[in-house]
Amino acid sequence: MQTDEEARLRALAEHEILDADPDPSLTHIVELAARLLGAPAAFVSFVDRDRQVFHTKTGLSLCETNRDIAFCARTIAQAGILVVLDATKDPRFHDNPLVIGAPFIRFYAGVPLRTGDGHAIGTLCLAGPKSRRAFTGRDKRILTDLARLVLDRLELRRVEAARRATQSRFEHIADTSSDAIICADALGRVSFWSAAAKHLFGHTAAEALGQSIAILVPERMRGGNEGALCQISCGGVTGLIGRTVELTGCHKDGREFPVELSLSTWTENGHAAFGLIVRDVSQRHVVEKRLFQLAHLDALTELPNRAVLRGRIEAVILEGCPAAVLMLDLDGFKEVNDAHGHAVGDAVLRQAACRLRDCIGPKGIVARFGGDEFAVVLPDVGDPLVAIAKGQELIDALSEPYWIEDLVVRLGASVGAALSPAHGVREDELLACADAALYRAKADGRGRVCLFTPVLREVAQRERACRDGLRRAIEHGEFVLHYQPQVDLTDGALVGAEALIRWQHPELGLLMPAAFLEVLDNGPDAARIGDWVLHAACAQAQAWRHDGLRPFRIGVNLCAAQFRDGRLVEQVAATLAETGLPAHALELEITETIILRHDPGVVAALQALRAMGVGIAFDDYGTGYASLSLLKRFPLTRLKIDRSFVSGLCANRQDAAVVRAVINLSRSFGLEVIAEGVETEEQHQRLLAKGCQEAQGYLFGRPMPAAEFISRFKVGKQYMDPPLQLRS
């Protein structure tokens with residue numbers, strides 16, 4: 001790596017670019033870098049003796065800065081890419097005027113632009129006012145590939161500048177250039193052949209001098225641009241002069257390869273002369289193909305990505321044609337990914353993509369929308385029956401078994417459909433409508449096609465508002481816990497409490513779980529909030545136990561996401577250690593939804609928790625499809641009789657029979673039992689007579705804040721819930 005500053009400045013001056021107008025080809029590369037890597041600002045800068053000049057840029061208003069504050073001055077001083085994820089936390093930049101003042105740089109990534117002889121004359125950079133968590137290896141490769149394209153353009157500029165210098169200086173520079181430099185006389189005979197030309201075409205200078213310039217191209221292709229080049233050898237005027245074109249070059253051994261050629265002309269001693277700058281662009285084609293794929297295709301499935309999909313929908317709308325937009329989701333894919341790993345999940349997605357391509361045919365377009373979600377555009381389909389039939393065809397195709405080596409994976413699919421112009425005349429409208437219909441298809445039992453209706457838009461808007469509100473609730477600490485007492489039915493003694501989440505909404509007041517729990521459980525933060533509930537409840541229970549409330553256990557509801565997270569056992573152990581709560585004083589409540597997943601990981605996690613001494617309660621037993629065999633398979637310690645049976649206990653013989661059966665069943669399996677929703681003294685006495693030991697319900701106390709719980713049961717101090725901290 002060259003460190004001679006004066007030599008570096010001379011190399012920079014050879015490009016004649018510091019005060020030149022922005023090069024359009026560099027502007028295109030800068031815009032591509034910003035788009036591919038999601039950066040608000042990108043630029044090519046050059047570092048002069050005392051200043052940094054932003055030659056071409058997007059998203060940046062600066063034209064130049066002092067060198068001593070330039071990030072790029074540090075970039076050119078090192079061999080590879082410089083990445084600053086958060087400049088405010090980097091001791092090299094935290095007090096930099098560009099960080100503490102406009103443009104308020106937080107994130108920066110730059111690649112040095114190093115000439116063929118090793119001088120770093122500038123940089124290709126990204127910047128933004130927000131920090132980043134990471135700049136991946138893939139991101140670095142993309143930025144480095146783009147920097148190579150910049151260097152290609154700069155080398156063309158340097159050679160062109162050199163051409164305007166004296167012939168002797170030109171020849172000296174030409175022989176040091178990585179590009180082939182070739183000169184020809186008025187008859188098209190080679191008069192100068194650089195060392196790079198020998199390397200590129202295989203002919204030595206002695207072999208090439210005096211030969212027709214036509215030796216550069218295959219004989220069979222001496223038409224088009226190749227033919228125009230050959231006109232030089234005939235003394236003709238060619239349309240290539242002053243242009244940069246791509247054509248096919250021919251090596252001495254007959255091998256053909258793509259080249260980029262720039263042709264110029266001048267007069268020597270009253271006769272025309274020609275100069276050619278030629279480079280092999282094979283590697284550039286590889287890079288450009290890869291960049292095209294990154295910009296337009298999903299890397300895993302090689303399907304078009306969201307950007308292409310949106311553009312196709314917009315094109316169909318502009319053409320005025322009817323169209324159907326289908327959103328598809330693989331039912332059960334998450335479980336496959338969790339059980340068998342991402343390699344199997346990726347293989348399933350690739351097979352699913354192939355099946356969708358085969359079903360759609362050449363007229364439609366299928367794209368990967370994200371995760372296990374795909375989207376299909378069907379031009380000229382405005383009939384809802386045709387759209388539904390096509391959706392069912394896709395479901396049938398995606399429901400066939402997936403063979404992954406020796407593993408057979410079975411999945412289903414759900415489809416939401418929207419029609420243009422019936423349901424929308426904008427791309428975003430149609431996608432939103434199809435997505436709302438997909439959500440309804442999944443909610444209605446999956447494995448089906450749902451056509452959008454206006455009612456679904458209202459539902460989707462409410463759910464979207466709820467999701468947005470939940471994110472704000474997490475950020476602002478709006479969740480609180482209420483505690484419902486659990487008592488011994490024989491003497492009314494307090495034996496425990498169930499911790500129940502509430503949302504203290506800033507505008508709507510205190511919201512019950514029914515208003516938000518379904519959206520929360522299906523969102524990305526369910527496991528994190530579940531962990532917060534666990535910690536806060538255990539800390540409160542231990543505070544009360546410390547003040548003399550013993551025996552006392554705390555019941556905490558688990559959600560399915562905490563099992564999918566894979567850290568439940570570790571999280572419970574850590575919480576018990578941090579709060580000091582004994583394991584036997586914690587009872588985790590699971591629902592039928594979790595049990596019926598038939599996930600071996602759920603059983604293993606519950607067995608590990610039970611081995612620690614934690615109690616496991618089956619909530620709402622008897623209301624769904626759970627079989628008796630599940631009582632043998634799962635390490636339960638308690639059954640909870642659902643409030644729907646307790647409410648009819650005194651008036652309905654069937655409800656009374658169910659209650660009696662659950663109590664007897666729990667006794668037979670050696671399980672404890674507790675009744676929920678007890679509201680009257682008559683229910684209390686009936687349960688006691690049937691052998692139920694414990695209960696909770698409005699008769700003994702509604703769910704209440706910790707302060708009210710303390711006041712009512714005289715149990716000591718309140719533990720202050722910590723703000724919700726989302727783990728990464």
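Refer to the preceding data block for the structure.
So, a few notes on the structure that sits alongside this text.

The rules behind each value
Residues numbered from 1 in each chain as written. Predicted model: local features only at pLDDT ≥ 70, side-chain atom pairs only at ≥ 80, totals over all residues. Heavy atoms only, no water. Helix = DSSP H or I, 4+ residues; strand = E, 2+ residues; numbered from the N terminus. Buried < 20%, exposed > 50% of the residue type's maximum accessible area, 1.4 Å probe, protein only. Contact = heavy atoms within 4.5 Å. Axes fitted to C-alpha atoms, helices over the stretch in contact; angles between N-to-C directions. Parallel < 35°, antiparallel > 145°, perpendicular 65-115°, else oblique. Left-handed = near helix turned anticlockwise from the far one by under 90°. Nonpolar A, V, L, I, M, F, W, Y, C, P; charged D, E, K, R; others polar. Pairing = 2+ DSSP bridges. Polar contact = N/O pair within 3.5 Å; in protein donor to acceptor, adjacent residues only side chain to side chain. Salt bridge = Lys/Arg side-chain N within 4 Å of Asp/Glu carboxyl O.

## Some thoughts on the environment of Ala39
Link 1 in the chain: Looking at the element boundaries, Ala39 is found in the loop between helix H2 (24-36) and strand E1 (41-47).
Link 2 in the chain: Relative accessible area serves as the criterion here: at 8%, Ala39 is assigned to the buried category.
Link 3 in the chain: Sequence spacing of Ala39 and Lys442 is 403 residues, and the spatial spacing of their C-alpha atoms is 36 Å.
Link 4 in the chain: Residues in contact with Ala39, not counting those within four places in the same chain, are Ala34, Leu126, Ala127 and Arg132.

## Considerations on the packing of helix H11 (residues 306-318) against helix H15 (residues 427-443)
The description of two helices packed together rests on the angle between their axes and the distance between the axes.
Link 1 in the chain: As a packed pair, H11 and H15 sit with axes 9 Å apart at the nearest point and diverge in direction by 115 degrees. One finds that H11 runs roughly perpendicular with respect to H15. Here the hand of the crossing between H11 and H15 comes out right-handed. Where H11 abuts H15, its residues Leu309, Arg310, Ile313, Glu314 and Ile317 lie against Glu427, Leu430 and Leu431.
Link 2 in the chain: The residue makeup of the contact of H11 with H15, split by class, is five nonpolar, no polar and three charged.

## Looking at the pairing of E1
Link 1 in the chain: Burial within E1 is extensive, with seven of its seven residues counted as buried.
Link 2 in the chain: Alternating positions in E1 separate into two faces, Ala41, Phe43, Ser45 and Val47 on one and Ala42, Val44 and Phe46 on the other, with burial throughout.
Link 3 in the chain: Taken together, the six bridges between E1 and strand E6 (residues 120-128) define a ladder with antiparallel strand orientation. Bridging across to E6, Phe46 finds its partner in Gly122.
Link 4 in the chain: As judged from the six bridges shared by E1 and strand E2 (residues 51-58), these two strands associate in the antiparallel manner. Looking at E2, one finds that Val47 is bridged to Gln52.

## What about the sheet that holds strand E13 (residues 365-370)?
The strands that make up a sheet pair up through hydrogen bonds in the backbone, lying either parallel or antiparallel.
Link 1 in the chain: Overall, mixed pairing links the five strands, which are arranged E13-E14-E12-E17-E18 in an open sheet. In this open sheet, the two edge strands, each paired with only one partner strand, are E13 and strand E18 (449-451). Mean inter-strand twist for the sheet, computed between neighbouring axes without regard to direction, equals 20 degrees.
Link 2 in the chain: Here three bridges tie strand E17 (residues 412-420) to E18, and the two strands are oriented parallel to one another. If you follow Gly416 over to E18, its bridge partner there is Cys450.

## Considering the sheet that holds strand E11 (residues 271-280)
Link 1 in the chain: Pairing is antiparallel in the open sheet, where five strands are placed in the order E8-E7-E11-E10-E9. Single-partner strands in this sheet number two, and they are strand E8 (190-193) and strand E9 (244-250). Looking at each pair of strands side by side, their axes are set apart by 30 degrees on average, direction ignored.
Link 2 in the chain: When strand E7 (residues 180-184) meets E8, the two strands line up antiparallel, connected through three bridges. Each bridged residue has a counterpart across the sheet, and for Ala184 the counterpart in E8 is Val190.

## Looking at the pairing of E9
Link 1 in the chain: Among the seven residues of E9, five are classified as buried, and the element is accordingly described as predominantly covered.
Link 2 in the chain: With seven bridges connecting them, E9 and strand E10 (residues 256-268) associate as antiparallel partners. Residue pairing in the sheet places Thr248 in a bridge with Pro258 of E10.
Link 3 in the chain: In sequence, E9 turns back onto E10 through a hairpin of five residues, with Gly254 there showing a positive phi of about 95 degrees.

## Some thoughts on the side chain of Thr56
Link 1 in the chain: Looking at where Thr56 falls in the secondary structure, it is placed in strand E2.
Link 2 in the chain: Of the residues examined, Thr56 reaches a relative accessible area of 2% and is grouped as buried.
Link 3 in the chain: Within polar-contact distance, the side chain of Thr56 engages the side chain of Thr27 at 2.7 Å.
Link 4 in the chain: Apart from the residues lying within four places of it in its own chain, the contact partners of Thr56 are Pro22, Asp23, Leu26, Thr27, Val30, Phe43 and Val44.

## A closer look at the pattern of salt bridges
Link 1 in the chain: With the rule as written, the count across this model stands at 41 salt bridges.
Link 2 in the chain: Across the salt bridge formed by Arg67 and Glu5, the nearest N and O atoms sit 2.7 Å from each other. Pair noted here: Arg67 is in the loop between strand E3 (64-66) and helix H3 (71-75) and Glu5 is in helix H1 (residues 5-13), with a separation of 62 residues, a long-range link.
Link 3 in the chain: With its nearest N and O atoms 2.7 Å apart, the salt bridge here joins Asp86 to Arg106. Note that Asp86 is positioned in the loop between strand E4 (82-84) and helix H4 (97-100) and Arg106 in the loop between H4 and strand E5 (107-114), a separation of 20 residues in sequence.
Link 4 in the chain: Asp86 sits in the buried class, given a relative accessible area of 13%.

As far as function goes, none of this settles anything; it's purely spatial.
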